[in-house]
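The lines below spell out each chain.
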Amino acid sequence: MLYIAALILGLALGAVLGSFFGIRYRDSKVGETIGEAEERARAIENDAHKRAEERARQALLDANEKILKDRSEYEREVKERRADLQRQENRLQQKEDNVDRKLEGIEKKEEALAQKHAAIDQETQEIQRMKASQTELLQQISGLTPEEAKQYLIKQVENDVTHEVAVKIKEIESRMKEECENRAREVVAQAIQRCASDQVAEMTVSVVPLPNDEMKGRIIGREGRNIRSIETLTGVDLIIDDTPETITVSCFEPVRREVARLALEKLIADGRIHPTHIEEMVEKARREVDARIKSEGERAVFECGIRQIHPELVKMLGRLHYRTSYGQNILQHSIEVSHIAGMMAAELGVDVQIAKRAGLLHDLGKAVDHEMEGTHVQLGVEFARKFRERDDVIHAIEAHHNDVEPRTILACLVQAADAISAARPGARRENLENYIKRLEQLETITRSYPGVDKAYAIQAGREVRVMVKPEQVSEDQMVIMARNLAKQIENEMEYPGQIKVHVLRETKVVEYAK
């Protein structure tokens, strides 16, 4: 135990001694380290002082160099500015010298002009004195005062100028009239040549073929009930005579006649003919005719190339397909007038589309003139206004038969196109032989009057031009002759439309200078 205790005591004592000597050793090492650190710090501080001094010296040197450089640049700029100022001063001095010289020249010119003005004033005064003396001399010679002489000269000049102006106006009017007439003939001739239309013949009956003669009895029906039903529903007359295998439908209203014709064809094809079935077929035929009317109106609009026209006007145009005037189909006549008016408008530089539109719609009222009161012109104007057509188109419709005076070129074009389409040979109900006979009769009547030198039927028989002998027929007698001619033509001739009697009297004086 003692050994163990001594051993422990020794170990404890050794540990204490080791700790003591270790602390002493560590303190001695720490002291050495602190000394070395202080020496390094002093060396670093000295080195920093040296570097700072060197940098300060270097900065001072750099600043001195920059100051010297800036001073040299400043001095150079000052020298350049002084030189520039000196140059500007020299230029200004030169300009001042030039201005002074110019002012001296201007002053000299002013002096010269003043001298010239003075000389001119003297000459003017001398001229005035001479003029006054000449005027006094003229007054003494002529015996007129200045005011009377002035009025006399003015009157002479006015007379000369008035005569020259009148002669010039007459020459211009004559030349313009000749040019306008030639141009109008050329435009109308071109339009007629370019428009080729079929000749027409008036139709008031339609013929319906039958498969056999037995069908006539079935159409008549027991005690005539079938034929009465057809005539009552359609408003036509059925003519059943000895003509084999045909029935004639007679009616002056083309739409009703067409409805009856279609209904009969359907009844014959179906074979069932009794009043109830007749009523069904007539209604079906009416619907087909209405569809045909619409399609014909659309065809006319498309053929004329017209856009944005009211659908109701299209339907009214389609109704014209079943209307005739002196045997001429009115829808075809309207299409023809549209084309002719468009051709003439193109030649004259007028709007072609508007001319075609007015030409197509000019006889619009004939679609309803048999149903409503009023002339076809009044009805056409009314419907055109109702569906908001252009004012110039409405005026062309209103003026195409001279119901009102034409105020626009468009109205004149439509009027001329309507006359061309209606007056050409074969357009309306008369053959070429009758046409020629009518023209010959017209010329014969006019040539039969005493004092008539020449007579020509023109405008396809719509106008007769009578040239009288001036020594036999006076101007007052011309008026009476024109009225008598018109009355005789009305009493002795039959013609469509109207005939214009144009009596001409021309006086000529001829003399020869030898």
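Here is what the cut-offs are and how they apply
- Residues numbered from 1 in each chain as written.
- Predicted model: local features only at pLDDT ≥ 70, side-chain atom pairs only at ≥ 80, totals over all residues.
- Heavy atoms only, no water.
- Helix = DSSP H or I, 4+ residues; strand = E, 2+ residues; numbered from the N terminus.
- Buried < 20%, exposed > 50% of the residue type's maximum accessible area, 1.4 Å probe, protein only.
- Patch = residues over 30% accessible without salt bridge, like charges linked within 9 Å, V, L, I, M, F, W, Y side chains within 5 Å.
- Areas by Shrake-Rupley, 256 points an atom, 1.4 Å probe, with all protein chains shown as cover.
- Salt bridge = Lys/Arg side-chain N within 4 Å of Asp/Glu carboxyl O.
- Contact = heavy atoms within 4.5 Å.
- Pairing = 2+ DSSP bridges.
- Axes fitted to C-alpha atoms, helices over the stretch in contact; angles between N-to-C directions.
- Parallel < 35°, antiparallel > 145°, perpendicular 65-115°, else oblique.
- Nonpolar A, V, L, I, M, F, W, Y, C, P; charged D, E, K, R; others polar.
- pLDDT = per-residue confidence, 0-100.
- Left-handed = near helix turned anticlockwise from the far one by under 90°.
- Lys, Arg positive; Asp, Glu negative; His and termini not counted.
- Charge placed at Lys NZ, Arg CZ, Asp CG, Glu CD.

**Q** I tried to follow the overall build of the protein chain on my own but got confused; where do I start?
**A** The secondary structure content of the protein chain amounts to 14 helices and eight strands. When burial is assessed residue by residue, the protein chain has 30% of its 514 residues classed as buried.

**Q** I keep staring at a nonpolar patch on the surface and nothing clicks. Help me out?
**A** A cluster of nonpolar side chains, Val 157, Val 161, Val 165 and Ile 169, forms an exposed patch at the surface whose accessible area comes to about 310 Å². By the element assignment, Val 161 lies in helix 2 (residues 146-194). With a relative accessible area of 41%, Val 161 lands in the partly exposed category.

**Q** Got a minute to help me understand helix 7 (residues 311-319) in this structure?
**A** For an α-helix the count is 3.6 residues per turn, leaving residues at separations of three or four pointing the same way. All buried positions along helix 7 are accounted for by Leu 313, Val 314, Met 316, Leu 317 and Gly 318. On the buried face of helix 7, the contacting elements are helix 6 (275-304), helix 8 (330-348), helix 9 (352-361) and helix 10 (376-386).

**Q** Honestly, the sheet that holds strand 6 (residues 452-458) in this entry has me stumped. Any pointers?
**A** What holds strands together in a sheet is hydrogen bonding between their backbones, with the strands either parallel or antiparallel. The strand order across the open sheet built from three strands is 6-7-8, with neighbouring strands paired in mixed fashion. Because the sheet does not close on itself, it has two edges, and the strands there are strand 6 and strand 8 (500-505). For this sheet, the mean inter-axis angle between neighbouring strands, taken without regard to orientation, is 15°. In the packing of helix 14 (residues 475-492) onto the sheet, the strands contacted are strand 6, strand 7 (463-468) and strand 8, and the crossing angle to strand 8 comes to about 155°.

**Q** Before we go on, may I ask you to explain the pattern of salt bridges in this structure?
**A** Think of it this way: side chains of opposite charge can pair up when their charged atoms draw near. Here the structure, examined in full by the defined rule, presents 18 salt bridges. Residues Arg 261 and Glu 265 are paired through a salt bridge, measuring 2.7 Å at the closest nitrogen-oxygen approach. A residue pair is termed a helical-turn pair when its members lie 3 or 4 positions apart in one helix, as Arg 261 and Glu 265 do in helix 5 (residues 254-270) at four residues. A salt bridge links Arg 272 to Asp 270; the nearest nitrogen and oxygen atoms lie 2.7 Å apart. Looking at Asp 270, the relative accessible area reads 35%, which means it is partly exposed. Taken together, the shared-partner salt bridges in this structure form one network comprising Arg 292, Glu 296, Arg 299 and Glu 303.

**Q** Help me understand the packing of helix 6 against helix 7 in this model?
**A** A pair of packed helices is characterised by two quantities: the angle between their axes and the separation of those axes. Where helix 6 meets helix 7, the closest approach of the two axes is 7 Å, and the angle between their N-to-C directions is 100°. Overall, the two elements helix 6 and helix 7 adopt an arrangement that is roughly perpendicular. On the side of helix 6, the interface is formed by Ile 293, Lys 294, Glu 296, Gly 297, Glu 298 and Val 301, while helix 7 contributes Val 314, Lys 315, Leu 317, Gly 318 and Arg 319. Class assignment of the residues belonging to the contact of helix 6 with helix 7 gives a composition of four nonpolar, two polar and five charged.

**Q** What exactly am I supposed to notice about the confidence of the model for the protein chain here?
**A** Where the model shows low pLDDT, its predicted coordinates should not be examined in detail. Per-residue confidence for the protein chain averages 80 on the pLDDT scale, and 85% of its residues sit at or above 70. This model gives residues 196-202 a pLDDT under 50, and the stretch forms 13 contacts once residues within four places in sequence are excluded.

**Q** Before we go on, may I ask you to explain the packing of helix 5 against helix 6 in this structure?
**A** Look at helix 5 against helix 6: their axes get within 8 Å of each other, and the N-to-C directions meet at 125°. Regarding the angle of helix 5 to helix 6, the classification is oblique. In the crossing of helix 5 with helix 6, the sense of the turn from one axis to the other is right-handed. Along the contact surface, helix 5 presents Val 255, Glu 258, Val 259, Leu 262, Ala 263, Lys 266, Leu 267 and Asp 270, while helix 6 presents His 277, Ile 278, Met 281, Val 282, Lys 284, Ala 285, Arg 286, Glu 288 and Val 289. Partitioned by chemical class, the residues of the contact of helix 5 with helix 6 number 10 nonpolar, one polar and six charged.

**Q** Even after reading the chapter, I still don't get a negative patch on the surface, so can you show me in this structure?
**A** A cluster of like negative charges, contributed by Glu 96, Asp 97, Asp 100, Glu 104, Glu 107, Glu 110 and Glu 111, occupies part of the molecular surface. Residue placement: Glu 96 occurs in helix 1 (residues 2-142).

**Q** Please explain the side chain of Asp 363 as it appears in this structure.
**A** Summarising the element assignment, Asp 363 is placed in the loop between helix 9 and helix 10. The residues contacting Asp 363, other than those within four sequence positions of it, are Leu 320, Ile 330, His 333, Ser 334, His 376 and His 400.

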